[in-house]
Amino acid sequence: MNVWEKFKKLLEREKLIKPGDSVLAAVSGGPDSVCLLHLLWRYKKTVPFELNAVTVNHGLRKEAGREIARVEALCRRLKVPLSVDKIAVREHALMQKLSTETSARILRYGLFSKTAKDAGANIVATGHTANDNAETMIMWLIRGTGAEGVSGIPLARPLGQGLTVIRPLLSATRAEVMKYVKAQGIPYSIDKSNKSPEYTRNRIRGQVLPLLEKYNPRVVEHLFNFSQIMSRENDFMEEETRKAAGYVTEQGANKISLDFERFLKYNKAIQSRIIKYILPEKRSAAQVEFFAGVVFIFPRQNS
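Residues numbered from 1 in each chain as written. Predicted model: local features only at pLDDT ≥ 70, side-chain atom pairs only at ≥ 80, totals over all residues. Heavy atoms only, no water.

Draft legend 1. View of the overall build of the protein chain. For the protein chain, the helix and strand inventory stands at 12 helices and 10 strands. In terms of overall dimensions, the protein chain has C-alpha extents of about 70 × 45 × 45 Å along its principal axes. The 303 residues of the protein chain split such that 43% are buried. Within the protein chain, residue pairs in contact and separated by at least 24 positions form 70% of the contacts whose partners lie at least 6 positions apart. Accessible surface, the protein chain: about 17,200 Å² in total, of which carbon and sulfur atoms supply 53%. Charge centroids of the protein chain, computed over 48 positive and 31 negative side chains, lie 5 Å from each other. (Helix = DSSP H or I, 4+ residues; strand = E, 2+ residues; numbered from the N terminus. Buried < 20%, exposed > 50% of the residue type's maximum accessible area, 1.4 Å probe, protein only. Contact = heavy atoms within 4.5 Å. Areas by Shrake-Rupley, 256 points an atom, 1.4 Å probe, with all protein chains shown as cover. Lys, Arg positive; Asp, Glu negative; His and termini not counted. Charge placed at Lys NZ, Arg CZ, Asp CG, Glu CD.)

The following block contains the structure:
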């Protein structure tokens, strides 16, 4: 199955784009994103929807101007309206004490939301591939994770205000994407920072995945299939956790009461999820009270 077939099959199976939708494609100029734009342009001929594109200058590399020019040329060729914007990543990273990578992602998705709203779009499409998914899974495994981490990159997730992010290239490998853009004669740019060993993801991309591919050339595809299985199972467990939490807890203005006797009847997997569910990281203050009389006080965090 080639990239076009995988792309079309995933869109149709998951109903990611429906007639009448308005899609904003995030196009960096790299092979993945220009492939995404071209495939959306093709798909638009079979399913009627609005298509716009956005490209972002992160202000980090001098090559960005040339890369944006290539994106502009491609959008003119496909007759897709394009929005070009710039974000101040370094300044934001310093002010918020974040890594450059994290800051870029926060600002980028904030810009996507604004541009989508301005364009009247209800969907943002990004060019994440099966390789990106494999890298994310390995990164979370190294750091320590549960089912959420090995669920990989979601095919779709809400971005707020009626906006959804979709990844219709997620079942395709990077090699398949490269084959497509070369066959179609689509101009693309290579971001040299993607090879910098400074970032964990780049080391996984350049060292870990190639090593795993020596044991199994299809490891990226198998990791994608595994992530989809885990994603479905995780969705089921999340729903069961919500039901269980409603049964064993009572929530007040500044405390959560937990029926310990009911709580202990659940499997340990559900127990741990209940605790995570009722005590999200950023709760300003929380108190867990066992009906048996044991009380745990969690100190107030600075807001």
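Draft legend 2. Broad picture of the pattern of salt bridges. Under the criterion given, the structure shown has 14 salt bridges. A salt bridge links Lys-6 to Glu-176; the nearest nitrogen and oxygen atoms lie 3.0 Å apart. Of this pair, Lys-6 sits in helix 1 (residues 3–14) while Glu-176 sits in helix 8 (residues 174–184), and the two are 170 residues apart along the sequence. For Lys-6, a relative accessible area of 12% puts it in the buried group. Using a relative accessible area of 22% as the deciding quantity, one classes Glu-176 as partly exposed. Of the charged contacts in the structure, one is a salt bridge between Glu-238 and Arg-273, with a shortest N-O distance of 2.6 Å. Residue Glu-238 is found in helix 10 (residues 219–248), and its partner Arg-273 is found in helix 12 (residues 268–278); the two are separated by 35 residues along the sequence. By relative accessible area, Glu-238 is classed as partly exposed at 25%. A residue is classified by how much of its surface remains accessible, and Arg-273, at 11% relative accessible area, is buried. In this structure, a network of salt bridges that share partners links the residues Asp-32, Asp-132, Glu-135, Arg-174, Arg-201 and Arg-205. (Salt bridge = Lys/Arg side-chain N within 4 Å of Asp/Glu carboxyl O.)

Draft legend 3. Main features of the nonpolar core. With 34 residues, the main nonpolar core has Phe-7, Ile-17, Leu-37, Leu-40 and Leu-169 as its most contacted residues. In contact with Leu-37, other than residues within four places in its own chain, are Ala-25, Val-27, Leu-51, Ala-53, Leu-74, Cys-75, Leu-78 and Val-80. (Core = buried A, V, L, I, M, F, W, Y, C linked by side-chain atoms within 4.5 Å.)

Draft legend 4. Representation of the side chain of Ser-171 in the model. In this structure, Ser-171 sits in the loop between strand 6 (163–166) and helix 8. Overall, the relative accessible area of 15% leaves Ser-171 in the buried class. When neighbours within four sequence positions are excluded, Ser-171 is seen to be in contact with Lys-6, Leu-10, Ala-130, Glu-176 and Phe-224.

Draft legend 5. Spotlight on the packing of aromatic side chains. All chains considered together, the criterion is met by 5 aromatic pairs. Ring geometry for Trp-4 against Phe-7: centres 6.2 Å apart, planes inclined by 25°, an arrangement best described as stacked. Highlighted residues: Trp-4 and Phe-7, both in helix 1, separated by 3 residues, approximately one helical turn. Accessibility expressed as a relative area gives 1% for Phe-7, which makes it buried. The interplanar angle of 70° and the centroid separation of 5.4 Å between the aromatic rings of Tyr-109 and Phe-112 together place this pair among those described as edge-to-face. One end of the pair, Tyr-109, and the other, Phe-112, are both in helix 5 (residues 100–119), 3 residues apart, so they sit about a helical turn from each other. Judged by relative accessible area, which is 8%, Tyr-109 ranks as buried. A cation sits over an aromatic face here: Lys-45 above Trp-41, 3.9 Å from the ring centre. In this structure, Arg-262 packs its charged tip against the face of Tyr-247, placed 4.3 Å from the ring centre. (Phe/Tyr/Trp six-rings, centres within 6.5 Å; stacked < 30°, edge-to-face > 60°. Lys NZ or Arg CZ within 6 Å of the ring centre and 35° of its normal.)

Draft legend 6. View of the pairing of strand 5 (residues 156–160). Looking at chain direction, strand 5 and strand 6 are connected through 4 bridges and run antiparallel. By the bridge assignment, Arg-157 is partnered in strand 6 with Val-165. What sits between the antiparallel neighbours strand 5 and strand 6 is a turn of 2 residues, in which Gln-161 has the positive phi angle 55°. (Pairing = 2+ DSSP bridges.)

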